[in-house]
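Analysis of the macromolecular model
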There are 2 protein chains.
Amino acid sequence: MDIAIPLFDRLTALDAIGPYEVLSRLPGARVRFVAVTPGTYRTDKNLGLVADESLDAVPAPDIVMVPGGMGTRALLTPNPLVDWLRRVHPTTRWTTSVCTGSLLLGAAGILEGVPATTHWLALDTLARLGAKPVEQRVVEHGKIITAAGVSAGLDMALTLAARVAGDEVAQSIQLSIEYDPHPPFDSGSTRTAPAHVVAQLRSRAAQAPGAVAR
Amino acid sequence: MDIAIPLFDRLTALDAIGPYEVLSRLPGARVRFVAVTPGTYRTDKNLGLVADESLDAVPAPDIVMVPGGMGTRALLTPNPLVDWLRRVHPTTRWTTSVCTGSLLLGAAGILEGVPATTHWLALDTLARLGAKPVEQRVVEHGKIITAAGVSAGLDMALTLAARVAGDEVAQSIQLSIEYDPHPPFDSGSTRTAPAHVVAQLRSRAAQAPGAVAR
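Computed from a predicted model, the values in this text were never measured in an experiment. (Residues numbered from 1 in each chain as written. Chains lettered and ligands numbered in written order. Predicted model: local features only at pLDDT ≥ 70, side-chain atom pairs only at ≥ 80, totals over all residues.)

Our focus in this paragraph is the overall build of chain A. In terms of helices and strands, chain A carries seven helices and eleven strands. In terms of principal-axis extent, the alpha carbons of chain A reach across some 45 × 40 × 35 Å. The proportion of buried residues among the 214 residues of chain A is 57%. Contacts in chain A between residues far apart in sequence, at least 24 positions, make up 62% of those at least 6 positions apart. (Helix = DSSP H or I, 4+ residues; strand = E, 2+ residues; numbered from the N terminus. Buried ≥ 20, exposed ≤ 12 C-beta atoms within 10 Å, placed from the backbone. Contact = placed C-beta atoms within 7 Å.)

Here is the structure:
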């Protein structure tokens with residue numbers, strides 16, 4: 001099971017690392033971080049993550065998992081990463097994304113008319129790229145699985161792990177990463193967060209798209 | 001708010017990245033990845049993460065956040081990272097860990113008689129290092145906050161974010177990373193996972209300590 005996670009500058013680290021932590025525990029999995037050029041890429045908060053392989057070295061991954069982050073905005077016009085997504089998608093077993101990673105799938109023409117999700121602040125942009133946006137944590141449509149913002153990648157990856165290797169393997173992975181979430185607040189979605197917290201983030205995002213990493 | 005996350009070989013990526021994704025969103029926060037020597041460190045699944053600073057360059061962080069992983073086992077005898085933890089702890093505002101990162105706090109003598117937690121498979125080891133192990137997702141004891149396995153770092157970091165900057169900032173961060181967890185299974189703790197899944201992981205861990213990253 002050959003799994004490719006593309007990196008690019010200004011990605012959001014947890015978008016990539018949540019699914020990586022789950023999928024790398026699948027029996028027989030080989031996870032590779034890939035990029036246009038091998039090397040170090042900097043997240044939106046300046047952590048360096050290393051891509052060991054070029055996109056060209058991974059022409060037929062079984063699973064593609066595209067993270068998001070503010071860096072996606074510079075990748076919505078033709079570029080080698082989006083070209084690679086378009087090229088590998090027909091032969092993947094699963095094509096997946098977290099957060100605004102789905103915008104890159106959209107830019108590659110993969111989501112034309114497809115129900116899909118993204119960070120709650122980017123649903124409009126996803127629609128403009130051809131998808132049918134769904135405000136839901138994990139959206140499955142055939143072999144395309146998209147997740148909502150950042151931390152939703154954990155739920156997406158466990159869903160995918162069950163599809164790939166069965167419920168019991170997914171449950172074992174969940175226990176090994178002790179994913180028994182108990183956040184101290186119930187503020188993780190626009191439905192549950194205090195209204196003024198939602199409004200504040202919306203307004204910050206409208207005024208300065210870079211202010212809220214997504 | 002100067003936040004230091006030490007890296008070492010064979011750490012578990014999500015242990016570090018969960019809290020990083022939360023804490024780096026704190027107003028005025030500066031998160032630095034530090035190590036004995038600056039450079040690239042490989043996680044237990046071979047992802048390269050970059051430490052930009054040496055431990056010596058960060059002698060007085062406000063917050064220390066120690067990740068875990070199998071690599072902690074090679075760091076329980078005297079070594080520069082544990083020496084650094086012992087040196088910086090007296091002046092931190094918070095000293096924190098995720099998963100087996102607490103073993104390193106223990107090795108530094110910081111947890112003598114202190115209620116603390118770790119990955120569920122490492123509670124015995126934590127006790128041998130002087131702590132009073134508590135099977136709980138997040139354990140606060142004064143300025144020492146420890147988290148259970150891997151994904152528990154998200155809950156720990158949100159708890160810490162509220163202590164540092166208030167509930168509303170923590171709620172806003174939770175919404176920005178859309179942390180509204182809905183795992184497809186309820187298998188994230190020994191209390192909820194199917195008994196045979198728990199038994200299997202226990203037996204794999206007993207036979208080959210490297211088999212379950214923690």
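It is worth spelling out the interface of chain A and chain B at this point. Chain A puts 56 residues into the contact, and the matching count from chain B is 56 residues. When contributions to the side of chain A that touches chain B are tallied by element, the ones reaching two or more residues are α1 (13-23), β2 (30-35), β4 (48-51), α5 (152-165), α6 (167-176) and α7 (195-207) of chain A. Per element, the largest residue contribution to the side of chain A that touches chain B is eight residues, and it comes from α6(A). Of the residues assigned to the side of chain A that touches chain B, the class counts are 30 nonpolar, 18 polar and eight charged. (Nonpolar A, V, L, I, M, F, W, Y, C, P; charged D, E, K, R; others polar.)

With respect to the element layout, Glu53(B) can be found in strand β5 (residues 53-54). Filtering out sequence-adjacent residues up to four positions away, Glu53(B) remains in contact with Arg32(B), Val34(B), Pro38(B) and Val58(B).

To continue, consider the pairing of strand β1 (residues 2-6) of chain A. Residue and element names in this part refer to chain A. Most of β1 is tucked away, with four of its five residues classed as buried. Read as a crossover between parallel neighbours, the route from β1 over α1 to β2 is right-handed. Alignment of β1 against strand β6 (residues 63-66), held across two bridges, turns out to be parallel. Looking across to β6, one finds that Ala 4 is bridged to Val 64. (Right-handed = clockwise from strand over helix to strand, strands pointing away. Pairing = 2+ DSSP bridges.)

Take the environment of Thr100(A) next. Within the fold, Thr100(A) resides in the loop between β7 (94-98) and α3 (101-107). A sequence separation of 64 residues divides Thr100(A) from Val164(A), and the C-alpha atoms of the two residues are 24 Å apart.

Here we come to the packing of α6(A) against helix α7 (residues 195-207) of chain B. Across the interface, α6(A) lies against α7(B) with an axial gap of 10 Å and an inter-helix angle of 60°. As judged from the angle between their axes, α6(A) and α7(B) are oblique. Remark: the crossing between α6(A) and α7(B) carries right-handed chirality. Facing α6(A), whose interface residues are Glu168(A), Gln171(A), Ser172(A), Leu175(A) and Ser176(A), α7(B) presents Val197(B), Val198(B), Gln200(B) and Leu201(B). Residues belonging to the contact of α6(A) with α7(B) are distributed by class as follows: four nonpolar, four polar and one charged. (Axes fitted to C-alpha atoms, helices over the stretch in contact; angles between N-to-C directions. Parallel < 35°, antiparallel > 145°, perpendicular 65-115°, else oblique. Left-handed = near helix turned anticlockwise from the far one by under 90°.)

With an RMSD of 0.0 Å, chain A superimposes on chain B once it is rotated by 180° and translated 0.0 Å along the axis. Those values place the two copies in the arrangement expected of a two-fold rotation axis. Taking C-alpha positions as the reference, the residue of chain A nearest the rotation axis is Leu49(A), at 2.5 Å. Comparing interface residues between copies, 100% of those in chain A also lie at the interface in chain B; the contact surface is shared. (Least-squares fit on C-alpha atoms with pLDDT ≥ 70 in both.)

What follows concerns the pairing of strand β6 (residues 63-66) of chain B. Residues and elements named next belong to chain B. The side-chain alternation of β6 yields two buried faces, one formed by Ile 63 and Met 65 and the other by Val 64 and Val 66. Pairing geometry for β6 and strand β7 (residues 94-98), over four bridges, is parallel. Among the inter-strand pairings, Met 65 is bridged to a residue of β7, identified as Thr 96.

Once that is clear, we can look at the nonpolar core. Ranked by internal contacts, the top residues of the largest apolar core, which has 137 residues, are Leu85(A), Leu104(A), Ala161(A), Leu85(B), Leu104(B) and Ala161(B). Discounting residues that sit within four places of it in the chain, Leu104(B) has contacts with Val66(B), Thr72(B), Leu75(B), Leu81(B), Val82(B) and Leu85(B). (Core = buried A, V, L, I, M, F, W, Y, C linked by C-beta atoms within 7 Å.)

A word on unusual backbone geometry. In this structure, Cys99(A) takes a positive phi of about 55° despite not being glycine. On the secondary structure map, Cys99(A) appears in the loop between β7 and α3. Positioned with a positive phi, Asn46(B) is a non-glycine residue whose angle comes to about 80°. You can see Asn46(B) is positioned in the loop between β3 (39-42) and β4 (48-51). According to the C-beta neighbour criterion, Asn46(B) is partly exposed, with 15 such atoms within 10 Å.

Attention now moves to the environment of Thr92(A). With respect to the helices and strands, Thr92(A) occurs in the loop between α2 (80-88) and β7. Residues Thr92(A) and Asp62(A), spaced 30 residues apart in sequence, show a C-alpha to C-alpha distance of 4.7 Å.

It is worth spelling out the confidence of the model for chain A at this point. Low pLDDT marks stretches whose predicted atomic positions should not be read closely. Residues with a pLDDT of 70 or more make up 97% of chain A, whose mean pLDDT is 96. Interface confidence for the predicted complex, expressed as ipTM, amounts to 0.96; the pTM equals 0.96. (pLDDT = per-residue confidence, 0-100.)

Here we take up the sheet that holds strand β3 (residues 39-42) of chain A. Overall, antiparallel pairing links the four strands, which are arranged β3(A)-β4(A)-β4(B)-β3(B) in an open sheet. Two strands in the sheet have a free side with no partner beyond their single neighbour: β3 of chain A together with β3 of chain B. On average, adjacent strands in this sheet sit at an angle of 35° to one another, irrespective of strand direction.

All names here are of chain A. One open sheet accounts for seven strands, arranged β5-β2-β1-β6-β7-β11-β10; its pairing is mixed. Two strands in the sheet have a free side with no partner beyond their single neighbour: β5 (53-54) and β10 (138-141). Pairing analysis gives two bridges linking β2 to β5, with the strands arranged parallel. The partner of Val 34 across the bridge, within β5, is Glu 53.

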